[in-house]
Amino acid sequence: MNKVELAYYELGSKSDRPIDIKKAWLRENRAHFCCLACADVYPKSGPLDPIVVDARGGHSQFHLPLEFVSKIRYEIIRDDLLAVLDPDACEYLNLGVLLDETGKQIPNYHTAQAKIAVLLRGGMESSNNGVCNRCGRRRYWPMPHGHGYLLRSTFQEGVPILRVQVGNFAVNQAIRDRIVAAGLARGMYFIKRPVLDEPEDGLPVDLKFYEKV
Ligand SMILES: [Zn+2]
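This is a predicted model, so every value here is computed, not measured.

Undergrad: Would you mind showing me how to read the overall build of the protein chain here?
TA: Across its full length, the protein chain holds 3 helices and 13 strands. For the protein chain, the spread of C-alpha atoms along the principal axes amounts to about 55 × 45 × 30 Å. Counting the 213 residues in the protein chain, one finds 32% classified as buried. Contacts spanning at least 24 positions in sequence make up 74% of the contacts within the protein chain whose residues lie at least 6 apart.

Given below as structure tokens:
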């Protein structure tokens, strides 16, 4: 029986629509950001490349502390949320800028990707379709829906922010508390992700998020 001592909180935006990306730009650039076979985003080892948003009508589509772009699966963080993550979590993030079609930077927001990726695991009914033969990404989906957990041995103790499937952040309790205390929780939701010692899906502990192909 797993003993639950630690939990992370997956962060999601309450926005009902992703930020629109400039369509022509996306057509030309999507393959640079994500795998066209499995559609998952590529991890970056440094600053994120700028993305070009469709800013018709001004910047009115930016409202919440946490927004997202669906086609590239980047999270978009407002500067006040970024300030709450600082100082400990920011060293675990790669950041980038958003541009409008004239090349002007969208103020107050950054794209963000957590550097350390871990798999959210599920129960026996989880789908495990091996790895994408184009990019090496594991094609695993935790089931039943909403009941995912993390495995203790798959990341270093004390890492404040992680990336789980679909590009979402998972933050530790301390960061969750800081977000709530700063009054920024209203625009996002938290899903509690227990940290367990043993997988409950009948698969090995060390399923890698990425495998060389
Ligand atoms: Zn792929």
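Undergrad: In this structure, what is going on with the pairing of strand 9 (residues 138-141)? I would like to understand it.
TA: Note on strand geometry: in a regular strand, side chains alternate between the two faces of the sheet. Of the two faces of strand 9, only one is covered, namely that formed by Arg138 and Tyr140; the face formed by Arg139 and Trp141 stays uncovered. Pairing of strand 8 (residues 127-131) with strand 9 involves 3 bridges; the strand directions are antiparallel. Opposite Ser127, over in strand 9, you have Trp141 as the bridge partner. Here strand 8 hands over to strand 9 after 6 residues, with Gly136 in that stretch at a positive phi of 85°.

Undergrad: In this structure, what is going on with the domain arrangement of the protein chain? I would like to understand it.
TA: Interfaces are frequently sized by the accessible area removed from exposure as the parts join. Taken as a whole, the protein chain is organised into domain 1 (6-11 + 117-196) and domain 2 (15-113). On a C-alpha basis, the centroid separation for the pair domain 1 and domain 2 is 20 Å. Across the contact, 21 residues belong to domain 1 and 21 residues belong to domain 2. For the side of domain 1 that touches domain 2, the secondary-structure elements that each account for two or more residues are strand 11 (161-163) and helix 3 (173-181). The element best represented in the side of domain 1 that touches domain 2 is helix 3, accounting for 3 residues.

Undergrad: What am I meant to see in the environment of Ala174 here?
TA: Along the chain, Ala174 falls in helix 3. Accessibility expressed as a C-beta count within 10 Å gives 11 for Ala174, which makes it exposed. Along the sequence, Ala174 and Arg30 sit 144 residues apart, while their C-alpha atoms lie 35 Å from each other.

Undergrad: Could you clarify how one ought to interpret the sheet that holds strand 11 in this entry?
TA: Pairing between the strands of a sheet is mediated by backbone hydrogen bonds and can be parallel or antiparallel. The sheet built from 5 strands is open, its strands ordered 10-13-1-12-11 with mixed pairing. Two strands bound the open sheet, and with one partner strand each, they are strand 10 (150-151) and strand 11. Pairing of strand 10 with strand 13 (residues 188-196) involves 2 bridges; the strand directions are parallel. Its bridge partner lying in strand 13, Leu150 is registered against Val195. The sheet contacts of helix 3 involve strand 1 (6-13), strand 11, strand 12 (169-172) and strand 13, and relative to strand 12 the element is tilted by about 95°.

Undergrad: Sorry, what's going on with the sheet that holds strand 4 (residues 74-78) here?
TA: Spatially, 4 strands are ordered 3-4-7-5 in an open sheet, and the strand pairing comes out antiparallel. Whereas interior strands pair on both sides, the edge strands pair on one side only; in this sheet they are strand 3 (66-69) and strand 5 (93-96). Averaged over all neighbouring strand pairs, the angle between strand axes comes to 35°, with direction disregarded. Judged from the 4 bridges that link them, strand 3 and strand 4 form a sheet pairing that is antiparallel. Its bridge partner lying in strand 4, Leu66 is registered against Ile77.

Undergrad: Hey, could you run me through the environment of Asn128 in this one?
TA: By the secondary structure assignment, Asn128 is in strand 8. Between the C-alpha atom of Asn128 and that of Asp201, which follows or precedes it by 73 residues, the distance is 9.5 Å. When residues no more than four places from it in sequence are discounted, the contact partners of Asn128 are Tyr140 and Leu203.

About the criteria used
Each chain has its residues counted from 1, following the order in which its sequence is written. The predicted origin of the model limits local features to residues at a pLDDT of at least 70 and limits the giving and counting of side-chain atom pairs to 80 or more, whereas totals for whole chains, interfaces and linings rest on all residues. Only DSSP runs of H or I covering at least 4 residues are called helices, and only runs of E covering at least 2 are called strands; the numbering of each starts at the N terminus. Three exposure classes are used, all based on how many other C-beta atoms lie within 10 Å of a residue's own C-beta (placed from the backbone): buried at 20 or more, exposed at 12 or fewer, and partly exposed between those limits. Whether two residues are in contact depends on their C-beta atoms, placed from the backbone: they are in contact if these lie within 7 Å. Pairs of strands are assigned from DSSP output, requiring at least two bridges between the strands. Segmentation into domains, and thus their bounds, comes from an automatic or database assignment. Fitted lines through C-alpha atoms serve as axes, helices being fitted only where they are in contact, and the angles separating the N-to-C directions of these axes extend from 0 to 180 degrees.

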